[in-house]
Amino acid sequence: MALQQEDNGTRERNPHLMENLMGYVDTRIDIIRLEIQEKLKAAFVGTIHGVLLGVIAFMVLIFLNIFLGLLLNHLLDSSFWGFGIVALFYIILLLILVVGLDKKVFQGVADKAFDNTIYKSDKREKQL
C-alpha cells in the first residue's frame, strides 16, 4: 500500500504520455512524408517545364537556322552555299568550344547559377 501512496498517480499518466509520444512521432513522420512529396512534385514540375522549354528552344533554333540557310541561298543565288555557311559557323563555334574554352569557365557559371540552391527553402522560412 505504501507504494501506491508514493506513486501519486504517475503510473496512470505514463500510458497517456506514451500515447502522446507515439502520436507525436507518427505526426512528424507524416509531415516529413508530405514535405518529401511536395519537393518531388516541385522537382517533377520543374523538370517537365525545363524539358518543354528546351524542346521549344531547340525547334526555334532549328527553324531559324533553316531560315538563315535559305535566306543566304537566295542572296547568293545558290542552292547550297547558304547551308554551307551556316554549317561552317557551327563548326567554328565547335572548335572554339573544344579548343579555346576551359571547363573552369563553365564551372564558374555553374557555381553562380547553383549558389546555395540547397538552402533556399531555409532562407524562405526565415523570411516568413
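What counts and how
Residues numbered from 1 in each chain as written. Predicted model: local features only at pLDDT ≥ 70, side-chain atom pairs only at ≥ 80, totals over all residues. Heavy atoms only, no water. Helix = DSSP H or I, 4+ residues; strand = E, 2+ residues; numbered from the N terminus. Buried < 20%, exposed > 50% of the residue type's maximum accessible area, 1.4 Å probe, protein only. Areas by Shrake-Rupley, 256 points an atom, 1.4 Å probe, with all protein chains shown as cover. UniProt positions renumbered as here; feature names shortened; annotations may be inferred. Contact = heavy atoms within 4.5 Å. Phe/Tyr/Trp six-rings, centres within 6.5 Å; stacked < 30°, edge-to-face > 60°.

In the annotation of an unreviewed UniProt entry, the entry for the chain reads Phage holin family protein, and the organism field reads Pontibacter flavimaris.

**Q** Which residues make up the overall build of the chain, and what values do they have?
**A** Each helix and strand in the chain was counted, giving five helices and zero strands. The proportion of buried residues among the 128 residues of the chain is 6%. Carbon and sulfur atoms provide 69% of the accessible area of the chain, an area that totals close to 12,000 Å².

**Q** Go over the UniProt feature "transmembrane region" (unreviewed entry) in the chain, please, and point to the residues and values.
**A** Residues annotated in UniProt with the feature "transmembrane region" (unreviewed entry) correspond here to residues 42-68 and 80-101. A helix fraction of 100% and a strand fraction of 0% characterise residues 42-68, whose end C-alpha atoms lie 38 Å from each other. Secondary structure across residues 80-101 divides into 91% helix and 0% strand, with the first and last C-alpha atoms of the span separated by 31 Å.

**Q** Break down the side chain of asparagine 65 for me, citing the residues and quoting the values.
**A** Looking at where asparagine 65 falls in the secondary structure, it is placed in helix α2 (residues 10-76). According to the relative accessible area criterion, asparagine 65 is buried, its value standing at 17%. Residues within four places of asparagine 65 in sequence aside, it is in contact with Val86 and Tyr90.

**Q** So what's going on with the packing of aromatic side chains? Residues and values would help.
**A** Applying the stated rule across the entire model yields two aromatic pairs. Consider the rings of phenylalanine 80 and tryptophan 81, whose centres lie 5.2 Å apart with planes at 35°: the pair is tilted. A single burial state applies to phenylalanine 80 and to tryptophan 81, both of which are exposed. Aromatic side chains phenylalanine 89 and tyrosine 90 sit 5.2 Å apart centroid to centroid with 70° between the ring planes, which places their arrangement in the edge-to-face category.

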